[in-house]
Every structure is written in structure tokens, then in C-alpha cells.
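# An overview of the molecular structure
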Amino acid sequence: MWTSIILIGFLPVSGALWADKSVRGVVGRAITIDCHYEEKYSSHTKYWCHGWTIQCSTLVETKGQHGRRGRVSITDNPEQGIFTVTMEDLHSGDTGWYSCGITTPGADLMFHLHLQISEEPVSVPVLRYLSPANISHLGGSVLVSCESLQGSLPIQYTWHEKHSSRDQMISDTNELVLPCQSLDLQAHRYYCNASNRLGIKSSGMLNVTIFSNTGICSYVTEINDTISGALWTERYVRGVVGRVITIDCHYEEKYRSHTKYWCRGWTRHCLITVETKQQHGQRGRVAISDNPEWGIFNVTVKNLRSGDTGWYSCGITTPDADPMFHVHLQVSYEPVSVPVLRYLSPANVSRLGGSVSVSCESLQGSLPIQYRWYEQTSSGHPKISDNKELTLHCQYFNQTHHQYYCSASNSLGVIYSGKVNVIIFNNGEICSYVTEINGIISGALWAEDKVRGVVGRAVTIDCHYAPMYRSHTKYFCHMWGRQCTSLVNTNGTNEQYGRMTIRDNISQGIFTVTVENLVSQDTGHYRCGITTSGNHPMFDVHLQVSNEPVSVPVLQFLSPANVSCVEGSVSLSCESVQGSPPIQYTWHENTSSVISVSDKLDLHCQSNKYQHHQYYCTASNTRGAKSSEIVNVSVYNREGNCSFVIRFTGTGREYSCETFTTVSTASFMIWKVVRWLFFTLLMIGTISVTWFTRQTKKPDESDPHRLVYKVK
């Protein structure tokens, strides 16, 4: 009877503790066993022991939620009702019976399982890039790993280079470093071997192709149709249901004219979703756009769905194996974020008696999102609108103060916005008011809410304010989260700090902020503000600073109009009025190479070798180059002086000895013909008068040297 009681007391309790009854492991590797238990045992100590009776040998137990001894560790997860046992560096002698156990005041709960440890041959090694995909394009070294995911440890790895005659072993580690400078041939092929006591397996080929680009030693590598250095993007991309996502696929310069595509899958047989037709393409919710100048094609997917989750590939069509880069897109549901309130009408409209429109938008969260507007009153919070926008009409306000807020909700929850405060006042016969959102007061202060600037140049922001704030201090601050750090403020009427200047024009009700020598880091959110005893009137401004290509250079004369008549030098200036500095200017003559590296050109009459010359100027920055119109120079000799005429192609502007004018092409041609006719007739008239005078003149008889004309 006693024996029966002992056996029953230590039988596994069904439903209280359970795991897999049979577990297999591999020599040298690790194994993890999950032991499930009921919620009521979440606070009890858990353990793992060798054996299946009460006398089993405890190998490890939880101390709090974790425990470790030698090669064995244990972790308890009470929320999921699982404690996990991990055994590392398995030996064949680890084969046997084990038990998951839970300590209880009475008999411990136990579940017995059998662990079988065996030797296993290696699997085919997997090759994987350990360096960024574009590193070889930048002249760096590519690092590739070789790993057999199965097989008993230890595993020996060796790298080999394949030759036509005999393969050569080059490394006995599982990683291979490929520095471009050490590659002496245009093409190389490598593979790796993985071996243990039970056998050997070889990986696929690693193909390397060398090419040169502007002096940088660069190359592409290819593993199982994945080409590194030719095409790359983010490997893992996350999207939100209902929203839009854009993936930028970067490629090498040599693929500018090739067709690009986006396909679902990660093999050569992936399903093409969209491809470029010239530079653009669209099919359904997916669009593709190619920018050859930047070496990027963009894939945009609209109205994302959870079913869009999966592997995709950026691809380029070539006569040989297409360069491909695999991307995993994860599309998931997301709760809404706190709605952002924003003015949709001019900031001063409420001072003029007009209607103010306010939008409510949750910038994050799965679509569709439902918006509702409420008014907060002493008696409750009635709903007043189911729209995203709220329009406030001054005539409809029946009190001097109103408060509104909105809610944004989707399938995962609802969140409420901050308050819209409305204060009514009368200004003459006009019903006017101010609105306040998160400390920003509309109607008291306004400016352009979006301002664009160019790297290296200056930008000016005009902040308009109501007359009641003439004597107050104005400031301009930079938003960092919820804090706004003051950058500059009025001290009297003007103040300067670093690259920033503020000037207050009290008569016009404007204070102006100027930022010079812009840098891309200046991009961000700023505020115009006025210091008052209560809430400060503020207005949010977003400044976007970007690099900009140069515009077509403008040519101007810098010297007097008659200087070319007196053998002087004519100076021309070349200026690109747009584009990020620094801007490089070069002057060219059509018949030769660069003649000057400057924004100015001096034309000396005596230095012109030919009767006609043509010049033009080029302006360039990091974003590209543009050329000016042609400058035509015609050289003349008049009364011994070297003089010349300069004319700009296409505009009709002319610079000559007497004047600097702007004429049309037709007028210019007519003027040239008339001038030629005038000088021709003048010469004919002069010759005729001289001849007639000589014919009619009578000889002086007393002159001994007279000439006698005989007329037959």
C-alpha cells in the first residue's frame, strides 16, 4: 500500500505542468526546453533536474526569475506561464531522462521528458554579408561569413579560391575579408567548406567583379543571385495598415539607363509588381520612379494592408544576371497618436471678422481613423462635428469664452487632442477674436508657416503682430520636443546673435528674423513669440533647408559703355542667383578649354587674335552645373584704335563703343543694314564731289607749276 501511495504522489499532474516528452539535441550545440504551467504556480520556484524520481539531481533552479549553473540556465516568464531551460555545449553523455519541476508545500509538480543527444553531419554552408551592402562601391572591404546551421560541433571552415587548374585554400576561418586593393584580376570566385567528424559540405559560389569609378577601387560581389555593391537599400522596412511607405533603392552609375523593377519574392522567379517605363511606372497601389542623376529608384506602396507583409526585391534588368536586393516589409496595425491641431486659415483672419478653420490629425496609427469634435461646457461635452476640420464663425459665438477638443480613433483605441481656446472681443464694428492651441495664439501673431532656405544662403522670416504688442519684447526660438530654446530677442528694436538677426518695425507691426549662411542642420521647427504677462502669443514656423542646384548664370557688364572704343578692357560678371554655395565659376572659349576660374572675365581688345570670338561661363556646385548664354565679340580697327562690340546671344543685349543697349534681333539686323547703307552712300558722295571739283577747276596762268587739263 505504501509503495502505491509513493508512485501516485509523483506521477505527472495533467494540466498543471507539461512539456514535450521527447527532445532531440546535437553534440556541441544548445537546446531549449519550454515547460508550461498553470497561472496559480507563477510565484513558485521552478527547477530542472536529471532523472525522473523524487531523488533526481537538481541541475538548476530559479532564484527570482533566473538561474544558472555551468552549462545550464533557467528563466521563468510568469506572464506567459512558461519557464525555459537552456543546455549549452551538449555532450553525447547528456542523453537521458530529465524533469521539469515546481516546488510546492506538498509534493512537487514534475513532468518527465527524454533528451536524446546525437552526432549530426554538417549542412550546406550559408554565405552572408557582414558589411553594409554598398561598402564595396565606396572602395571599402566586404566581409562575408560562412556558417553551417546544422551539424555537430566543432565545425571546421576553410575558404578556397577557384581556379581553372587547381583550387587554392586562402583562409581557415568562417569569415572572409575582401579588400579591393588586394584583388589583382578583374574577376574572382570563392567558396567555403564546412566539415565535422561525419562529413564535409561546400557552399555556393561567391563571385567578385572588379571595376573602376573615378579613381576609387570598387567592385560588386554576388552570392546566390544577391549582388552587393550594385544595388542596396534597407533590409527590413516597417509599414502601417492604411498608410503609405516609400523604399529607396540605390544603384551604381552604370545602371542609369536600365529598367528597374519591384517584385514580390526573393528568387529569380519573383513576381514583378511594377517596373519603370522610361523613368516612371505604376500598377494599382504601387508606383516606381527612377532618378538617374542621384542613382536611386523609389518604390511607393499606398493603402498598405497586413497581407502586404513579406519578402520583396529591388531589381535591375540586365543582359546577364539581374542585380537584386531583397527587402522584408512588415505591415502591422498601429494605435493612433495624440492628434495634432493646426490652423488651416490665415493667422490674422479672426482679427478681420472672418472664420477660422482648425484641423485635427493623428500623424501615426492605422487607417481609417475616425475624428470627432467636442465643445467643453459646464454642463457636459456635446459632440459638434464628425469631421476632421472645425470651422469657427465669430457671429455664432454666444459667450466670451469657448473651449473645443477633438478625438482620433481606430480599431486599436481612441486618443484626445489638446484644447482650442476661443476668446471673443470687439474691435469697432468687427466681431473679432483670438484662438489659442497649446500656447499658440492666432490673431495676435502670424507668419508663413512653411519657409524654405538654401544651404549657404540667407533666409528672412517676417512675423506680423497686432498693434497692442508694439512695446513688447519679441523673440525667435527653436523647438526641441516641448521646449522652445530662445535664439534671439529684441533689445530695443534690433539684436544679433551669431548668424541670426532680429529687427522690430513698430510702425508696420512686423519683426523680422534673418538667418545667414544656412546649413542643413538648421532644418526644424521654430516659433515667433511675444513676451506678455499671460500666455505668450506664438506662431509655429517650419524651416526646411536643402541643397539646391545652380540656376542658369546671369551675365552683366561691369565697365563703362565706351571703354572698348579707347582700347580699354571690358569686364563681364557671371552669377548664378540660385543654388547652394560654394559655387564654382569657369569661363570658356568655344575654340579652347577653360580660360579663367573666376566669376569675372576681362576682355582686352589687343589680346583678341581673331576678328570674332565666342565665350560662355559655367556655374557649378555639388548638385550640378549650368552654362550661360554665348558672348559674341567682334573686333574692329577704327582710326588706329582697337575697338570691339560685344553682343549676348538670345537676349539682344549689346555693348559697343557708344552705348549699352537692349535691342531685339530684328532691330539689330535692321540697324546693321542701315548703318552699312549710310557709310556706303557717304563714300560714294565724297568720291563724286572730289571728281567734279577737279573737272571744273580753271588753271592759273601765272602759276609756273600749273597743270594743264586737255579735254578732247
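Values in this document were obtained by computation on a predicted structure and should not be read as measured data. (Residues numbered from 1 in each chain as written. Predicted model: local features only at pLDDT ≥ 70, side-chain atom pairs only at ≥ 80, totals over all residues. Heavy atoms only, no water.)

## Here we look at the overall build of the protein
Short version of the rule: For the purposes of this entry, the term helix denotes a DSSP run of H or I that reaches at least four residues, the term strand denotes a run of E that reaches at least two, and both are numbered from the N terminus. The classification of residues rests on relative accessible area computed with a 1.4 Å probe and restricted to protein chains. Under 20% of the type maximum is buried, over 50% is exposed, and intermediate values are partly exposed. Note on areas: Shrake-Rupley, 1.4 Å probe, and residue coverage restricted to the protein chains presented here.
Check the secondary structure of the protein and you find 2 helices and 61 strands. Split into buried and exposed, the 712 residues of the protein put 43% on the buried side. Element-wise, carbon and sulfur atoms account for 53% of the exposed surface of the protein, whose accessible area totals about 40,100 Å².

## Side note on the state of the cysteines
The line we're drawing: Cysteine sulfur atoms that come within 2.5 Å of each other are treated as a disulfide pair.
As enumerated under the stated definition, the model contains 9 disulfides in all. The disulfide that involves Cys 263 links it to Cys 270, with 2.0 Å between the sulfurs. Sign of the S-S torsion, about -80 degrees for the bond between Cys 263 and Cys 270, identifies this disulfide as left-handed. Like Cys 270, Cys 263 is buried.

## Quick notes on the pairing of strand E5 (residues 57–61)
Just so we agree on the cut-off: In this description, strands pair whenever DSSP reports at least two bridges between them.
Pairing of strand E4 (residues 46–50) with E5 involves 4 bridges; the strand directions are antiparallel. Of the residues in E5, the one forming a bridge with Tyr 47 is Glu 61.

## A short note on the pattern of salt bridges
Put simply, the rule is: A side-chain nitrogen of Lys or Arg and a carboxyl oxygen of Asp or Glu constitute a salt bridge if their distance falls within 4 Å.
In total, this model carries 13 salt bridges according to the counting rule given. The partner of Glu 119 in a salt bridge is Arg 197, with the nearest N and O atoms 3.2 Å apart. Of this pair, Glu 119 sits in the loop between strand E10 (109–118) and strand E11 (126–129) while Arg 197 sits in the loop between strand E16 (187–196) and strand E17 (199–202), and the two are 78 residues apart along the sequence. Close ionic contact of Lys 383 with Asp 386 constitutes a salt bridge, the shortest N to O distance being 3.3 Å. Overlapping salt bridges bring together Arg 372, Lys 383 and Asp 386 as one network.

## Section: the side chain of His 328
Put simply, the test is: Whether two residues are in contact is decided by their heavy atoms, any of which lying within 4.5 Å being enough.
If you trace the backbone, His 328 turns up in strand E30 (residues 324–332). Excluding anything up to four places from it in sequence, His 328 contacts Arg 235, Tyr 236, Val 237, Thr 309, Gly 310 and Trp 311.

## As for the environment of Thr 32
Tracing the sequence through the fold places Thr 32 in strand E3 (residues 31–37). For the pair Thr 32 and Thr 86, spaced 54 residues apart in sequence, the C-alpha separation works out to 4.4 Å. Apart from the residues within four sequence positions on either side, Thr 32 is in contact with Thr 84, Val 85 and Thr 86.

## Some remarks on the sheet that holds strand E52 (residues 569–575)
Strand pairing in a sheet takes place through backbone hydrogen bonds and is either antiparallel or parallel in direction. Stated formally: Angles here are taken between N-to-C directions and fall from 0 to 180 degrees, while the axes themselves are lines fitted to C-alpha atoms, restricted in helices to the stretch in contact.
Spatial ordering of the open sheet is given by E51-E52-E55, a layout of 3 strands whose pairing is antiparallel. The open sheet is flanked by strand E51 (554–557) and strand E55 (600–604), the only strands paired with a single partner. With strand direction ignored, the average angle separating the axes of adjacent strands in the sheet is 25 degrees. Examined bridge by bridge, E52 and E55 share 5 bridges and lie antiparallel to one another. Counterpart to Val 570 in the pairing with E55 is Leu 603.

## Digging into the sheet that holds strand E23 (residues 245–251)
Taken in spatial order, the 5 strands of this open sheet run E21-E23-E28-E27-E26, and their pairing is antiparallel. Both edges of this open sheet fall to strand E21 (231–232) and strand E26 (280–283), since each of them pairs with a single strand only.

## Examining unusual backbone geometry
The peptide bond linking Leu 153 to Pro 154 adopts the cis configuration, its omega dihedral lying at 0 degrees. Relative to the elements of secondary structure, Pro 154 occurs in the loop between strand E12 (142–147) and strand E13 (156–161). Look at the link from Pro 581 to Pro 582: it is a cis peptide, with omega at -5 degrees. The phi angle at Asp 89 is positive, at roughly 45 degrees, despite the residue not being glycine. Examined against the element boundaries, Asp 89 turns out to sit in the loop between strand E8 (82–87) and strand E9 (96–102).

## So, a nonpolar patch on the surface
The condition is simple: A patch consists of residues whose relative accessible area exceeds 30% and which take part in no salt bridge; residues with like charges are grouped when within 9 Å of each other, and nonpolar side chains (Val, Leu, Ile, Met, Phe, Trp, Tyr) when within 5 Å.
Residues Tyr 236, Trp 266 and Trp 311 make up a contiguous nonpolar surface patch of about 400 Å² in total accessible area. Looking at the secondary structure, you find Trp 311 in strand E29 (residues 310–316). A residue is classified by how much of its surface remains accessible, and Trp 311, at 32% relative accessible area, is partly exposed.

## Here's the deal with the packing of aromatic side chains
This is how it is decided: Only Phe, Tyr and Trp rings are paired, with Trp represented by its six-membered ring, and only when their centres lie within 6.5 Å; those with planes under 30 degrees apart are stacked, over 60 edge-to-face, the remainder tilted. Put simply, a charge is over a ring when the Lys NZ or the Arg CZ is close to the ring centre, within 6 Å, and near the line of the ring normal, within 35 degrees.
Scanning the model with the defined rule gives 9 aromatic pairs in all. Both rings, one in Tyr 236 and one in Trp 311, keep their centres 6.0 Å apart while their planes meet at 65 degrees; by these two values the pair is edge-to-face. Taken together, the residues Tyr 236 in strand E22 (residues 236–240) and Trp 311 in strand E29 connect sequence positions 75 residues apart. Grouping aromatic residues by their ring pairs yields a cluster made of Tyr 374, Tyr 405 and Tyr 416. Residue placement shows Lys 419 over the ring face of Tyr 405; its charged tip is 5.3 Å from the ring centre.

## Description of the environment of Ala 194
Tracing the backbone through its elements, the reader meets Ala 194 in strand E16. Ala 194 sits in the buried class, given a relative accessible area of 0%. Separated by 70 residues in the primary sequence, Ala 194 and Val 124 have C-alpha atoms spaced 7.6 Å apart. Leaving out residues up to four positions away in the same chain, Ala 194 has contacts with Val 122, Pro 125, Ser 148, Ile 155, Gln 156, Tyr 157, Gly 199, Ile 200 and Lys 201.

## Re the environment of Val 301
Topologically, Val 301 is positioned in strand E28 (residues 296–301). Along the primary structure Val 301 and Gly 284 are separated by 17 residues, whereas in three dimensions their C-alpha atoms are 9.1 Å apart. Beyond its immediate stretch of four places on either side in the chain, Val 301 contacts Arg 243, Val 244, Ile 245, Arg 285 and Val 286.

## Some points on the side chain of Asp 522
Spelled out, the test is: Counted as a polar contact is a pair of N or O atoms within 3.5 Å, where, for protein atoms, one must be capable of donating a hydrogen and the other of accepting one, and residues adjacent in sequence contribute only when both atoms are in side chains.
On the secondary structure map, Asp 522 appears in the loop between strand E48 (510–515) and strand E49 (524–530). Here Arg 499 takes part through its side chain, which lies 3.0 Å from a polar atom of the side chain of Asp 522. Setting aside chain neighbours within four positions, we find Asp 522 in contact with Arg 499, Val 515, Leu 543 and Val 545.

## Focus: the pairing of strand E44 (residues 474–480)
E44 sits mainly inside the fold: 6 of its 7 residues count as buried. As judged from the 5 bridges shared by E44 and E49, these two strands associate in the antiparallel manner. Bridge assignment links Tyr 475 to a residue of E49, and that residue is Gly 529. Pairing analysis gives 6 bridges linking E44 to strand E45 (residues 483–489), with the strands arranged antiparallel.

## Topic: the confidence of the model for the protein
What counts here: The predictor attaches a confidence to each residue, called pLDDT, with possible values from 0 through 100.
Mean pLDDT over the protein stands at 80; residues scoring 70 or higher make up 76%. Here residues 1–14 is a poorly scored stretch, pLDDT under 50, and it has 9 contacts once near neighbours within four places are set aside; other chains count. Contacts from residues 212–217, a stretch scored under 50 in pLDDT, to residues over four places away or in other chains number 11 contacts.

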